[in-house]
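Below are the chains, spelled out letter by letter.
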2 protein chains.
Amino acid sequence: MIVNAALIQKKIGDSPDENRKRLSEAIRSAARDKADLIVLSELHNTRYFCQSEDAACFDLAETVPGESTAFFGRLAQEQKVVLVISLFEKRAAGLYHNTAVVIEKDGNIAGKYRKMHIPDDPAFYEKFYFTPGDLGFEPIKTSVGKLGVLICWDQWYPEAARLMALKGADMLIYPTAIGWDPNDGEDEKKRQLQAWEIAQRAHAVSNALPVLSVNRVGFEEGGHGGIEFWGGSFIAGAQGEILAKADREEATVFAAIDTEKTEKLRRIWPFMRDRRIESYGDLTKRWGE
Amino acid sequence: MIVNAALIQKKIGDSPDENRKRLSEAIRSAARDKADLIVLSELHNTRYFCQSEDAACFDLAETVPGESTAFFGRLAQEQKVVLVISLFEKRAAGLYHNTAVVIEKDGNIAGKYRKMHIPDDPAFYEKFYFTPGDLGFEPIKTSVGKLGVLICWDQWYPEAARLMALKGADMLIYPTAIGWDPNDGEDEKKRQLQAWEIAQRAHAVSNALPVLSVNRVGFEEGGHGGIEFWGGSFIAGAQGEILAKADREEATVFAAIDTEKTEKLRRIWPFMRDRRIESYGDLTKRWGE
């Protein structure tokens with residue numbers, strides 16, 4: 001099966017309404033260009049509020065289903081596309097998640113994923129806002145395949161990618177909001193961007209699955225000097241090869257993904273055959289010494 | 001601590017004696033250039049005999065300790081270097097392994113690793129020759145740090161790299177013998193080489209550990225049209241950045257590795273802090289559906 005995928009890489013402004021409007025335009029445009037799977041970046045409705053710890057920001061959270069799933073649900077139905085959206089989920093008073101929702105072509109919710117690995121470092125105070133996900137690593141079944149949706153910090157964990165693969169994911173999808181500390185030098189920035197890209201491309205390689213990674217772009221001010229979101233959204237094929245890639249401008253990244261390559265690749269490089277599962281038990285330990 | 005590492009990338013000829021002699025010269029030369037850790041490629045004493053299944057090839061196997069550990073042990077002691085060598089281990093009649101041995105600067109054996117993941121595909125009939133390793137994933141303690149030695153096919157398994165990291169490895173080391181099917185087109189060859197490189201560099205990224213990967217070069221004839229060993233030996237820093245890299249010629253790859261970077265990186269990108277170990281249990285399953 002060929003899936004025409006599009007990633008929407010945008011600057012995100014102050015107004016959630018305006019952000020949703022701009023994203024809608026990009027989604028309509030990608031749908032006109034025959035995309036049947038469209039992925040938005042992490043927390044695309046708002047500025048990256050996790051640059052500081054501010055209890056007032058919990059006002060930005062919403063339920064699932066709720067405002068965003070209704071808004072993007074109508075759009076998915078209208079455009080007959082599968083949409084992967086990302087939002088700040090309010091589950092109960094004092095209980096919030098960083099959640100991606102997959103919407104089917106009929107506008108219904110196909111499933112959701114709650115970010116399992118939550119970062120926390122200066123300017124990325126996510127542990128203040130988000131309880132770690134409790135839905136595990138379960139691909140979401142859609143008309144364009146089983147989507148292994150993960151979110152941002154998850155991208156550094158080969159465990160997450162592997163678990164999605166073992167559960168039958170047809171591709172891995174990473175909505176992301178990652179950028180540079182403007183105080184870092186060019187060499188360090190380059191190393192970070194490369195590390196981010198190859199870590200995810202390697203998930204493609206290890207699992208023989210396409211990988212779609214969607215980041216925002218632009219500078220957003222904040223207490224630690226702000227974040228320069230580095231864009232670089234890309235679609236990699238199941239050998240980790242780059243099929244399409246954005247730079248540091250707003251862009252829609254398109255690629256036709258052949259999901260049958262996974263089977264072909266797993267025949268010539270049969271990694272799944274040889275996993276030493278009886279020797280992997282220590283992966284569930286915090287530290288092995 | 002700074003470790004001056006050298007990888008010896010060579011063509012391997014028909015004569016084991018001649019191969020050992022050429023490797024010795026390269027080791028002496030690298031030691032003169034101040035290397036204190038020198039790594040040889042997989043099964044460096046012989047042509048890659050696994051291109052066919054031939055019971056006579058079991059004659060190539062040797063014990064540990066044995067001929068190679070004595071030969072390279074003397075050299076390690078003479079040159080005061082830590083050596084990582086690779087050999088076809090005879091453990092008992094009918095029981096063989098693909099084994100790497102680490103030799104300390106005093107010529108003694110510091111430890112050994114038996115290849116855990118054994119490949120088998122046309123021209124790489126390793127399952128005929130090698131019983132999968134039964135020593136698990138244990139770094140080997142040396143005067144230049146704890147070496148997470150893995151071998152070739154292991155490189156495709158993030159589980160192996162992670163387990164070595166969890167056991168306190170200071171670096172990951174992959175002796176390898178990998179190459180192209182000459183019948184493949186240039187695009188496919190490029191994708192395979194890139195996949196191989198980024199998969200290993202990603203182990204560096206995920207674990208904040210340097211990665212040293214050593215391949216052979218040159219064409220070796222065989223029943224399936226032979227193998228074009230692609231060289232490309234490289235040393236990556238703990239962010240996955242390439243520190244030094246060979247092309248498709250014989251070469252010694254040098255880099256000064258700063259093992260203190262691991263601690264620094266794990267502070268700014270603290271992946272180890274956030275592993276969801278309670279949700280990783282299915283990694284020990286064959287398939288997750």
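We now turn to the structure provided with this report. (Residues numbered from 1 in each chain as written. Chains lettered and ligands numbered in written order. Predicted model: local features only at pLDDT ≥ 70, side-chain atom pairs only at ≥ 80, totals over all residues. Heavy atoms only, no water.)

### Quick word on the packing of helix α5 (residues 186-207) of chain A against helix α5 (residues 186-207) of chain B
For the record, the criterion: Axes here refer to lines fitted to C-alpha atoms; in helices the fit is confined to the stretch in contact. Angles between the N-to-C directions go from 0 to 180 degrees. Here a helix means four or more residues in a row that DSSP labels H or I, a strand means two or more in a row labelled E, and each is numbered from the N terminus. Here roughly perpendicular refers to angles of 65 to 115 degrees, roughly parallel to angles under 35, roughly antiparallel to angles over 145, and oblique to all remaining angles. Here a crossing is called left-handed whenever its near helix is offset anticlockwise from the far helix by less than a right angle, and right-handed whenever the offset is clockwise. Should any heavy atoms of two residues lie within 4.5 Å, those residues are considered in contact.
One can describe the packing of α5(A) onto α5(B) by two numbers: an axis separation of 8 Å at closest approach and a directional angle of 120 degrees. Considering their axes alone, α5(A) and α5(B) lie oblique with respect to each other. The chirality of how α5(A) crosses α5(B) is left-handed. Where α5(A) abuts α5(B), its residues A:Q194, A:A195, A:I198, A:A199, A:R201, A:A202 and A:V205 lie against B:Q194, B:A195, B:I198, B:A199, B:R201, B:A202 and B:V205.

### Focus: the relation of the copies chain A and chain B
This is how it is decided: Residues below a pLDDT of 70 in either copy are left out; the C-alpha atoms of the rest, at least 70 in both, set the least-squares superposition of the copies.
If you rotate chain A by 180 degrees and push it 0.0 Å along the axis, it lands on chain B with an RMSD of 0.0 Å. The operation mapping one copy onto its partner corresponds to a two-fold rotation axis. The residues that chain A uses at the interface reappear at the interface of chain B in 100% of cases, marking a shared surface.

### Some thoughts on the sheet that holds strand β9 (residues 179-180) of chain A
Each strand in a sheet pairs with its neighbour through backbone hydrogen bonds, running either in the same direction (parallel) or in the opposite one (antiparallel). Residues and elements named next belong to chain A. Which entries qualify depends on this criterion: Pairing between two strands requires that DSSP report at least two bridges joining them.
Here 3 strands make up an open sheet; going across it, the order is β9-β12-β11 and the pairing antiparallel. Single-partner strands in this sheet number two, and they are β9 and β11 (217-220). Where β9 meets strand β12 (residues 227-230), 2 bridges bridge the pair, whose relative direction is antiparallel. Across the sheet, W180 pairs through a bridge with E228, a residue of β12. Each of β9 and β12 touches α5; the most contacted strand, β12, lies at about 45 degrees to it.

### What about the packing of helix α1 (residues 16-32) of chain A against helix α2 (residues 67-79) of chain A?
What describes two packed helices is the angle between their axes and the distance between those same axes. Residues and elements named next belong to chain A. Selection criterion: Polar here means any residue other than Ala, Val, Leu, Ile, Met, Phe, Trp, Tyr, Cys and Pro, which are nonpolar, and Asp, Glu, Lys and Arg, which are charged; Gly is therefore polar.
Remark: α1 packs on α2, axes separated minimally by 10 Å, with the N-to-C direction vectors making an angle of 20 degrees. With respect to α2, the axis of α1 lies roughly parallel. The handedness of the crossing between α1 and α2 is right-handed. Seen from α1, the contacting residues are R20, L23, S24, I27, R28 and A31; seen from α2, they are E67, S68, F71, F72, L75, E78 and Q79. Counted by class, the contact of α1 with α2 contains 6 nonpolar, 3 polar and 4 charged residues.

### Description of unusual backbone geometry
For clarity, the threshold we go by: In this scheme, a residue with accessible area under 20% of its type's maximum is buried, one over 50% is exposed, and one in between is partly exposed, where area comes from a 1.4 Å probe on protein chains only.
Backbone torsion omega between A:V64 and A:P65 reads -5 degrees, so that peptide bond is classified as cis. Within the fold, A:P65 resides in the loop between β2 (37-40) and α2. Not every positive phi belongs to a glycine, and B:A208 is a case in point at roughly 50 degrees. Note on placement: B:A208 falls in the loop between α5 and β10 (211-214). Classification of B:A208 by relative accessible area gives buried; the value is 6%.

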